[in-house]
Structures are given as C-alpha cells and as structure tokens.
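Here are the chains, one letter per residue:
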Amino acid sequence: MSTFTIPCDHGQQSLSVNSTPDLNKDDLLRFPAFQIWLSTLQQSLKRQQDPSHEFHKDPYVLRKIDIQAVDFFKGGRLGFVKFKADVSNGDGESLPGSVFLRGGSVGMLLLLQPDDVHPSMEDEKRAILTIQPRIPAGSLEFAEIPAGMLDDAGSFAGGAAKEIQEETGLTIPQDELIDMTSLALQSVAGPEGVETLQKAIYPSAGGSDEFIPLFLCQKRMPRKDIEKLQGRLTGLREEGEKITLKLVPLKELWKEGLRDGKTLAAWALYKGLKEEGKI
C-alpha cells in the first residue's frame, strides 16, 4: 500500500488516499473517471451550505479514499478502479461509499426503416440489438443495444458513431445522432440549486459511477440491405468482441432487451420524446 494526498476544495486542504502499489497519484489524478466523480461529489457536498439543505446542520464530508483494486487495459491505460470513499458527518454517521469507478459509456438506439414505406410507419422500424458474451452477467449471448466505453478524449457523439461502426458495420455521421438524454432533460429542468450530474442515465448508482448518454439514429435503407444485417457477425475480434446482430421490431424492443437497463431506458426515452413531439 502507498499513501498520498490530493487537492480538495470542500473545506479541507487535502484529501488522504490509501492506494495499491500499482496506482500512483499522477495516474489517479489523470484518470477522467476519477476527475468527473470527484468534481461531481464535491459540487454536491457544497450544496449542504444552503440552510434549506437536509444535511446543513451536520454536513457530510469526504474524509479519505481507500483504493482496493485496479485494472489496466492494453497499453497500460487505467481502466477500472474499486475503492471505498469515507463520507461521514460530525456525528460519525457514514454514507455507503463503495465505488466501482469505470467512467462514461454511450448507448445507441439504432432504428432502420425500409425506404419503400412512408417515414411515419413505426411498425416498419427495426431496432438493432447486439448479442454477445457478457461474463460479469454470466452470459454468452446477452442482448442489448450497441454500446461502448468512451475513450479518454472522445466526445459523446463521436464515441456513439464509433461504436455503431465497430459493432454494426454501419457508418453514421455524428450530425445524424440525436442525444435523447440531453433532449429529455430540457423538458424536466429543475430549479436552481439542484445537483449537477452528467446528462446521462446511471444504470447502477448504488455501486458504480458509470453514466450513459443515450443516442438515437434513424436510418432509411433498402429493405434487402436491412435484411442482410440479420445475424451478421461483427465486433473487434482482436479485442475479444464476438458480436452477432439481431434486428427486432421496434414494438418488441422492450421484450427482446428487457434484461438490459440501457436498452429499456433508450426505449422509454424514445417513446416519451415521440409522444411529446420532440423527435
């Protein structure tokens, strides 16, 4: 184990970090997922200064971080960090702080429609699902919408376009993507002073920082080209991706992808935005 301190801006001069030997201070501070997590938490903790805040009289403070495990990707790039954050108040009451830190991902609802029907015909739309092994879920054929982790410097829309190309073989310009999460949040903007989180869904906020903006792409294609996608083998084989494409009617998407949280969220956002005339 190693111990170091990092800058902190919520009333403390520095924050103590107990780390594993393979993770140093500089690598942790450069990790985008850690930067976003720490900044977001600090902003939320600052809100306790408001007399109307529930925790104003005895505010919670991030006191230390104990890093328990680290995973690196190929090339030595920091991938995942598991740690325990000590967030407690003056009375010694602690908030649950076990965190699996992995950063942002993107998910894409990709709808294809034959170009020989009218664009308004929703029943003719097909959603693309990827069927692939997901070992954390104990599955070798997990059904979900195309998705992937963000590169360190990648934009959300750029990451979405890249994942669509890698997982489906289709090239989609970024300007054809609609950020459904940002669009939906415009309709539910809260009052000033609310927490500022990422414009994304959080599939497992009780244990992970992962946030996923969900994009929509609707593409009209010749019917024969759509049919050719059914069962296509895709993915970056050299990186262990073994993906089979499955096209399902849009109206069946919620049943076909019901085990995957981001798929259900994308379906719900599409339905809600459609009903409000936003897409």
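Residues numbered from 1 in each chain as written. Predicted model: local features only at pLDDT ≥ 70, side-chain atom pairs only at ≥ 80, totals over all residues. Heavy atoms only, no water.

- An unreviewed UniProt entry lists the chain under the name Nudix hydrolase domain-containing protein, with Aspergillus pseudotamarii given as the organism.
- The heading Cofactor (unreviewed entry) in the UniProt record of the chain holds the text "Mg(2+)". (UniProt positions renumbered as here; feature names shortened; annotations may be inferred.)

1. Details of a nonpolar patch on the surface
Thought 1: Taken together, the side chains of Trp 254, Leu 258 and Leu 264 define a hydrophobic patch exposed on the protein surface, amounting to about 270 Å² of accessible area.
Thought 2: If you trace the backbone, Leu 264 turns up in helix α7 (residues 261-275). (Patch = residues over 30% accessible without salt bridge, like charges linked within 9 Å, V, L, I, M, F, W, Y side chains within 5 Å. Areas by Shrake-Rupley, 256 points an atom, 1.4 Å probe, with all protein chains shown as cover. Salt bridge = Lys/Arg side-chain N within 4 Å of Asp/Glu carboxyl O. Helix = DSSP H or I, 4+ residues; strand = E, 2+ residues; numbered from the N terminus.)

2. So, the pattern of salt bridges
Thought 1: Applying the stated criterion across every chain yields a total of 14 salt bridges.
Thought 2: The partner of Glu 122 in a salt bridge is Lys 125, and the shortest N-O contact between them spans 2.6 Å.
Thought 3: With a relative accessible area of 25%, Glu 122 lands in the partly exposed category.
Thought 4: Assessed through its relative accessible area of 4%, Lys 125 is described here as buried.
Thought 5: In this structure, Lys 262 engages Glu 144 in a salt bridge whose closest nitrogen and oxygen atoms are separated by 2.6 Å. Highlighted residues: Lys 262 in helix α7 and Glu 144 in strand β9 (residues 139-144), separated in sequence by 118 residues.
Thought 6: According to the relative accessible area criterion, Glu 144 is buried, its value standing at 2%.
Thought 7: Through salt bridges with shared partners, a single network forms among Arg 134, Glu 144, Asp 260 and Lys 262. (Buried < 20%, exposed > 50% of the residue type's maximum accessible area, 1.4 Å probe, protein only.)

3. What about the pairing of β9?
Thought 1: Looking at chain direction, strand β8 (residues 126-134) and β9 are connected through four bridges and run antiparallel. The residue of β9 that forms the bridge with Gln 132 is Phe 142.
Thought 2: Remark: four residues form the turn of the hairpin made by β8 and β9, two consecutive strands paired antiparallel; Gly 138 in that turn has positive phi of roughly 75 degrees. (Pairing = 2+ DSSP bridges.)

4. Here we look at the packing of aromatic side chains
Thought 1: In total, this model carries seven aromatic pairs according to the counting rule given.
Thought 2: Seen from their ring centres, Phe 55 and Tyr 60 are 5.0 Å apart, and the 75 degrees between their planes marks the pair as edge-to-face.
Thought 3: The exposure class of Tyr 60 is buried, given its relative accessible area of 10%.
Thought 4: Ring geometry for Trp 254 versus Trp 267: centroids 6.4 Å apart, planes at 40 degrees, classification tilted. Of this pair, Trp 254 sits in helix α6 (residues 253-256) while Trp 267 sits in helix α7, placing them 13 residues apart in sequence.
Thought 5: Judged by its relative accessible area of 39%, Trp 254 falls in the partly exposed class. (Phe/Tyr/Trp six-rings, centres within 6.5 Å; stacked < 30°, edge-to-face > 60°.)

5. Remarks on the environment of Ser 208
Thought 1: Here Ser 208 is to be found in the loop between α4 (180-185) and β12 (214-221).
Thought 2: Residues Ser 208 and Ser 98, 110 residues apart in the sequence, show an inter-C-alpha distance of 8.2 Å.
Thought 3: Every residue in contact with Ser 208, bar those within four places of it in the chain, is listed here: Phe 100 and Arg 102.
Thought 4: Within the local environment of Ser 208, its side chain forms a polar contact with the backbone nitrogen of Glu 210, the two atoms lying 3.2 Å apart. (Contact = heavy atoms within 4.5 Å. Polar contact = N/O pair within 3.5 Å; in protein donor to acceptor, adjacent residues only side chain to side chain.)

6. Structural notes on the domain arrangement of the chain
Thought 1: As far as domains go, the chain holds domain 1 (2-101) and domain 2 (105-276).
Thought 2: Centre-to-centre separation of domain 1 and domain 2, based on C-alpha positions: 31 Å.
Thought 3: With both sides pooled, the region where domain 1 packs onto domain 2 buries about 1100 Å², and carbon together with sulfur makes up 48% of that total.
Thought 4: Linking domain 1 with domain 2 are four residue pairs in polar contact (both at pLDDT 80 or more), by the criterion used here.
Thought 5: Those elements that provide at least two residues to the side of domain 1 that touches domain 2 are α2 (32-46) and β6 (98-101).
Thought 6: A per-element tally of the side of domain 1 that touches domain 2 places α2 first, with seven residues.
Thought 7: Residues that form the side of domain 1 that touches domain 2 fall into these classes: nine nonpolar, four polar and three charged. (Domains from an automatic or database assignment. Buried area = accessible area lost by both parts, 1.4 Å probe. Nonpolar A, V, L, I, M, F, W, Y, C, P; charged D, E, K, R; others polar.)

7. Observations regarding the side chain of Gln 48
Thought 1: Here Gln 48 is to be found in the loop between α2 and β3 (61-72).
Thought 2: Discounting chain neighbours no more than four positions away, the residues touching Gln 48 are His 53, Phe 55, His 56, Pro 59 and Tyr 60.

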